[in-house]
Amino acid sequence: MRQFIAEKASRALDFLHGIQWLGPLVVRVVFGYFWLETGIAKVHNLDGFTQRFIGWGIPFPAFSAGLSAWTELLGGLLLMLGLFTRLVSIPMIINMIVAVTLVVSSNLMGLDDYVEADEIVYSLIFFWFLIAGPGKASLDTLVARWLGIRSRG
């Protein structure tokens, strides 16, 4: 029985190892689409988004709102493509830090609230992309191969 379980588990793990490229691809495309969509909505209603920045007391609201909206739009697009994934994760993390610091933190009372805040979860996903990269099924991987950059992924 032990041998049977070991063989079945080994086959299942071999199968999952063969498609491990699929996990980062799906997360990257769906998460990137989310940011592309929110960025497009904010760019199309930049005046309204700027008014929210004014209400939150964010300095240079017109500039800051435009920067945030375009960061989300372009960041989401690049994330979906898997192009400059690690690089684009940095401004996205900064966007989330600003959101947590200047907007969300006033509504958070304790550690549980911070852990459950969407912006914290988004920051962690961007941090994961910064460290882990886009995965094998990405333009980053194709560009790296073309340039002759060795990668362990």
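See the structure printed just above.
If you're wondering where the values come from, they're calculated on a predicted model, not measured in any experiment.

Asks: Any details on a nonpolar patch on the surface? Residues and values, ideally.
Replies: Nonpolar side chains collect at one region of the surface, where Trp70, Leu74, Leu77, Leu81, Leu139 and Leu142 lie side by side and expose about 520 Å² of accessible area between them. Those elements that place two or more of their residues in the nonpolar patch are helix H4 (61-81) and helix H8 (139-147). Sort the elements by how many residues they give to the nonpolar patch and H4 lands first, with four residues. Tracing the sequence through the fold places Leu74 in helix H4. By relative accessible area, which is 43% here, Leu74 ends up partly exposed.

Asks: An account of the layout of surface pockets is requested, with residue identities and associated values reported.
Replies: Taken as a whole, the largest pocket encloses approximately 610 Å³ of empty space. Lining the largest pocket are 24 residues, with Arg86, Pro134, Gly135, Thr141 and Ser151 sitting closest to its centre. Secondary-structure elements contributing two or more residues to the lining of the largest pocket are helix H5 (85-104), helix H7 (118-132) and H8. No other element matches the six residues that H8 contributes to the lining of the largest pocket. Considering only residue class, the lining of the largest pocket consists of 12 nonpolar, seven polar and five charged. Forming the boundary of the second largest pocket are 25 residues, of which Phe53, Ser68, Glu72, Asn95 and Ala99 lie nearest the centre. Mapped by element, the contributors of at least two residues to the lining of the second largest pocket are helix H2 (22-44), helix H3 (46-56), H4, H5 and H7.

Asks: Mind laying out the nonpolar core, listing which residues take part and the relevant values?
Replies: A general trend in soluble globular proteins is that nonpolar side chains are found buried together. Core analysis: the largest hydrophobic core is formed by 12 residues, namely Leu36, Val43, Phe49, Phe53, Ile58, Ala65, Ala69, Leu73, Val103, Val104, Leu108 and Ala117. At the level of elements, H2, H3, H4 and H5 are the ones that each hand at least two residues to this core. When sequence neighbours within four positions are dropped, the list of residues in contact with Val104 reads Ala99, Ala117 and Glu119. Among the nonpolar cores identified, the runner-up in size contains nine residues, and Trp35, Ile93, Tyr122 and Phe129 belong to it.

Cut-offs used in this document
- Residues numbered from 1 in each chain as written.
- Predicted model: local features only at pLDDT ≥ 70, side-chain atom pairs only at ≥ 80, totals over all residues.
- Heavy atoms only, no water.
- Patch = residues over 30% accessible without salt bridge, like charges linked within 9 Å, V, L, I, M, F, W, Y side chains within 5 Å.
- Areas by Shrake-Rupley, 256 points an atom, 1.4 Å probe, with all protein chains shown as cover.
- Salt bridge = Lys/Arg side-chain N within 4 Å of Asp/Glu carboxyl O.
- Helix = DSSP H or I, 4+ residues; strand = E, 2+ residues; numbered from the N terminus.
- Buried < 20%, exposed > 50% of the residue type's maximum accessible area, 1.4 Å probe, protein only.
- 1 Å grid on protein atoms, 1.4 Å probe; cavity = no way out; pocket = protein on both sides within 12 Å on 5 of 7 lines; lining within 4 Å.
- Points joined across faces, edges and corners; volume = space filled by probe spheres on them.
- Nonpolar A, V, L, I, M, F, W, Y, C, P; charged D, E, K, R; others polar.
- Core = buried A, V, L, I, M, F, W, Y, C linked by side-chain atoms within 4.5 Å.
- Contact = heavy atoms within 4.5 Å.

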